[in-house]
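Structural overview for review
For reference, the chains in residue letters:
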Amino acid sequence: MTSYVIEAQVKYETIQSSKLGEERELKIQLPRGYSSDNNKTYPLFIVFDGDYMFEAVAGNVDYFSYWEDMPEAIVVGINQAGKRYDDCMYSEQNSLPIDTGASFFEFIGMELIPHIERVYKAGNFRVAVGHGETANFINYFLMKPNPLFQGYISVSPELAPNMIDYLPETLAKSQSKIFYYLANTNNDAASIKQMAEALNKDISAISNNNLYFDFDSFEGPSHYSVPTHAIPKAIEGFFKVFQPISKKEYKEVILELEISPVLYLQEKYQAISDLFGIDKQILINDFKAISAAIEKNEIYEYYEALGKMARKAYPETLLGTYYIGRFYEETGEPKKAMRTYQAAFTLKEIAGLTKDLMLEKADLIKADFGY
């Protein structure tokens, strides 16, 4: 039996923890398209301070995934009401978790995430979200040899003293892809503002192709309202590769490419697969952007590869056939172009490409060359 979630659904659960010696409450949001019966997996957001941060994250994840600007994801909030200080305890000597802080650290990695992966279809891409003390705490997972999370959203962190050194060192050496977002507000305490700005300066100076880093300093929000400003900015940045090619990307990146624009498209979708474990169908929007670049830059030889990709992605439609026809038409093989366009009458229309257009193109070639 297959079960589907038609709209984002929040569940309330408790998990018994031997590490903490108690039960801990969880809030869990499953995505609208969640199915328990297929092979699809979903990125996982672990939200610290879930008693008040969960809704801000869950709402944004649902919104962005609804518009397909990020993949659908599972969001898990951990209730830390009354336990926050104990959960985030660290040593004054080396700023690393001790006592109840060390237990909470082990609870996340050894109990919570394995439990979520057993019960739900969580994938390998995980994001940790923290605010204040917990925004410091999530960094400890990054310092493991194999980081537990690939994405970190650190909002107005109250950093442990040594974290200002640990974090840039760790990020500079990272051998795996890490997405790190840092934010503060002008209404944070002076110590939070100073340390966040120092951290931004040090991380911004790192040269590591595995690191995606972004920083925002907001004017106006309070310490407690700034997560509502920071979370959508972080999500937008982390999942930029997942989003359709924008006008800005087309103008500033694709038109200026020194490599094949078709290769750029292949690499974009390979990155989506590698990062998120999702084999996303290439969007019509993205095919049209690459086609427009080929026309604009008059690099018609790339139409052949684009046509093959389009035939694979949309085999029953005119899309690939049109691109192959354009390849033949512009590379000195008009007869092949004419036959390609003529053969399209059995295929479905798509993206403004009609059978009439294809036959019209075939007839123009026929008239020009007297075939």
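These numbers were taken from a predicted model, which means no experiment stands behind them. (Residues numbered from 1 in each chain as written. Predicted model: local features only at pLDDT ≥ 70, side-chain atom pairs only at ≥ 80, totals over all residues. Heavy atoms only, no water.)

**A word on helix α14 (residues 334–342)**
To keep it simple, the criterion reads: Remark: exposure states derive from per-residue accessible area (1.4 Å probe, protein chains only) relative to the maximum for the residue type, with buried under 20%, exposed over 50%, and partly exposed in between. The way it works is that DSSP assigns letters per residue, a run of H or I at least four long becomes a helix, a run of E at least two long becomes a strand, and they are numbered from the N terminus. This arc corresponds to the set of directions leading from the helix axis out to the C-beta atoms. Any two residues having at least one pair of non-hydrogen atoms within 4.5 Å are treated as being in contact.
Buried within α14 are the following residues: Pro 334, Ala 337, Met 338, Thr 340 and Tyr 341. The buried residues of α14 occupy one face: seen down the axis, they fall within an arc of 165°. The secondary structure elements touched by the buried residues of α14 are α12 (303–313), α13 (319–330) and α15 (355–369).

**Considerations on the nonpolar core**
For the record, the criterion: In these notes, a set of buried Ala, Val, Leu, Ile, Met, Phe, Trp, Tyr and Cys residues joined through side-chain atoms within 4.5 Å is what counts as a nonpolar core.
In terms of nonpolar packing, the biggest core is built from 72 residues, with Phe 45, Phe 239, Leu 265, Phe 287 and Leu 306 touching the most fellow members. In contact with Phe 45, other than residues within four places in its own chain, are Val 57, Val 61, Met 70, Ala 73, Ile 74, Val 75, Val 76, Val 127, Val 129, Ile 235 and Phe 239. Grouped together as the second largest cluster of nonpolar side chains are 48 residues, Tyr 34, Tyr 120, Ala 128 and Leu 142 included.

**With respect to helix α7 (residues 190–204)**
Selection criterion: Expected span of a helix: the number of residues minus one, times 1.5 Å.
An ideal rise of 1.5 Å per residue puts 21 Å on 15 residues; α7 measures up with 21 Å between its terminal C-alpha atoms. Where α7 is concerned, the buried positions are Ile 192, Ala 196, Leu 199, Asn 200 and Ile 203. Down the axis of α7, the smallest arc covering the buried residues is 105°, so these residues share one side. Looking at α7, the residues exposed on the side facing more than 90 degrees away from the buried face are Gln 194 and Lys 201.

**Considerations on the pairing of strand β4 (residues 74–78)**
Strand residues, when the strand is regular, have side chains that alternate between the two faces of the sheet. Which entries qualify depends on this criterion: A strand pair is defined by DSSP finding two or more bridges across the two strands.
The buried count for β4 comes to five of five residues, which makes it a mostly enclosed element. Side chains Ile 74, Val 76 and Ile 78 of β4 all project onto a buried face; the interleaved residues Val 75 and Gly 77 project onto the opposite face, where all are buried too. In terms of strand pairing, strand β2 (residues 22–30) meets β4 through four bridges, oriented antiparallel. The partner of Lys 27 across the bridge, within β4, is Gly 77.

Keep in mind these numbers describe shape, not what the thing actually does.
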